[in-house]
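A look at the structure
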Amino acid sequence: MDFFKIVEDRRSMRKYAETPVEEEKLHKILETANRAPSAGNLQGYEIYVVRKLEQRQALVKAAWDQEFLAEAPVVLVFCANPPRSAVKYGERGTTLYSIQDATIACSYSQLAAKAQGLDTVWVGAFDEAAVSEIVNVSPDLRPVAMLPIGYAGRVPSVRPRREISDLVHEA
Ligand SMILES: Cc1cc2nc3c(=O)[nH]c(=O)nc-3n(C[C@H](O)[C@H](O)[C@H](O)COP(=O)(O)O)c2cc1C
């Protein structure tokens, strides 16, 4: 599949079919995440794979009733690992690089999912402490993004974008 077509076709999916996600496809997504760049190549993040229905239902509550978290057969939780980045980059590693590392990996995962016919939606609105508890995240880590992954349950709407001329500035 053409890269630009994948980017163009990716939309936030908020309704999922019950069809399971094939293990090979999930593995490919995780491999792709692992190819993402990171500050100093420290990979200052961790990914938690959530499959159990009870945990996904609990994530719905932690994310202010975003029901699709329980519909998608798999949810990835991307956590910044600030101490890992801080070893080399101190405060900047703690407050910026580890979060960027985790979110770049999430972006790569979204596109790797789409390239394999799967859909996702980036979920950023959630109670971090609640998510940490549900997923048994180590206290050093900070969950920064969740990514439900599954087969589309409907045709997603197309969201508009700013004009390039509005977004891009000649310095
Ligand atoms: C940092 C971030 C946080 C987001 N949080 C949520 C969220 O909690 N729930 C949700 O349904 N969508 C969330 N989204 C998805 C955006 O609403 C979506 O990407 C945007 O409206 C553009 O639509 P598109 O992804 O279909 O192009 C988030 C996206 C980003 C990048």
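What comes next concerns the included structure. (Residues numbered from 1 in each chain as written. Predicted model: local features only at pLDDT ≥ 70, side-chain atom pairs only at ≥ 80, totals over all residues. Heavy atoms only, no water.)

Remarks on helix H2 (residues 23-33)
- Listed in full, the buried residues belonging to H2 are Leu26, Ile29 and Ala33. Across the axial projection of H2, the buried residues extend over an arc of 55 degrees, all falling on one side.
- Lining the buried residues of H2 we find strand E1 (45-50), strand E2 (74-80), helix H5 (82-115) and strand E4 (142-150). (Buried < 20%, exposed > 50% of the residue type's maximum accessible area, 1.4 Å probe, protein only. Helix = DSSP H or I, 4+ residues; strand = E, 2+ residues; numbered from the N terminus. Arc of directions from axis to C-beta. Contact = heavy atoms within 4.5 Å.)

Re a nonpolar patch on the surface
- Judged by side-chain polarity, Phe3, Phe4 and Val7 come together as a nonpolar surface patch covering roughly 320 Å² of accessible area.
- Relative to the assigned elements, Phe3 resides in helix H1 (residues 3-9).
- Phe3 gets classed as partly exposed once you look at its relative accessible area, which sits at 47%. (Patch = residues over 30% accessible without salt bridge, like charges linked within 9 Å, V, L, I, M, F, W, Y side chains within 5 Å. Areas by Shrake-Rupley, 256 points an atom, 1.4 Å probe, with all protein chains shown as cover. Salt bridge = Lys/Arg side-chain N within 4 Å of Asp/Glu carboxyl O.)

Topic: the sheet that holds E4
- Judged by pairing direction, the sheet is antiparallel, and its four strands sit side by side in the order E1-E2-E4-E3 without closing on themselves. For this open sheet the edge positions go to E1 and strand E3 (119-120), each flanked by a neighbour on one side alone.
- Relative to E4, E2 is paired through seven bridges, and the arrangement is antiparallel. Within E4, the position partnered with Val77 by the bridge is Met146.
- Packing against the sheet, helix H6 (residues 128-135) makes contact with E1, E2 and E4, and its axis sits at approximately 65 degrees to E4. (Pairing = 2+ DSSP bridges. Axes fitted to C-alpha atoms, helices over the stretch in contact; angles between N-to-C directions.)

Some points on the nonpolar core
- If you look at the biggest cluster of nonpolar residues, it comprises 23 residues, and the most contacted ones within it are Leu59, Leu69, Val77, Val123, Val131, Val135 and Met146.
- Elements represented by at least two residues in this core include exactly helix H3 (53-62), helix H4 (68-71), E2 and H6.
- In terms of nonpolar packing, the next biggest core, distinct from the first, is built from 20 residues, Val21, Ala33, Tyr45 and Leu118 among them. (Core = buried A, V, L, I, M, F, W, Y, C linked by side-chain atoms within 4.5 Å.)

Brief notes about the pairing of E2
- With respect to burial, E2 is a largely interior element, seven of its seven residues being buried.
- Along E2, one buried face is formed by Val74, Leu76, Phe78 and Ala80 and the opposite face, lined by Val75, Val77 and Cys79, is buried too.
- As paired strands, E1 and E2 are joined by six bridges and run antiparallel to one another. Bridging across to E2, Glu46 finds its partner in Cys79.

Considerations on the site of the ligand
- Taken together, the neighbourhood of the ligand is formed by 13 residues, with Ser12, Arg14, Gln66, Trp122 and Arg161 sitting nearest.
- Take Arg10: an N or O atom from its side chain is 2.9 Å from an oxygen atom of the ligand.
- Gln66 places a side-chain nitrogen or oxygen 2.7 Å from a nitrogen atom of the ligand.
- Starting from 620 Å² of accessible surface for the ligand in isolation, the protein chains cover 65%.
- Across the shell around the ligand, the residue classes break down as five nonpolar, three polar and five charged. (Near = heavy atom within 4 Å. Polar contact = N/O pair within 3.5 Å; in protein donor to acceptor, adjacent residues only side chain to side chain. Nonpolar A, V, L, I, M, F, W, Y, C, P; charged D, E, K, R; others polar.)

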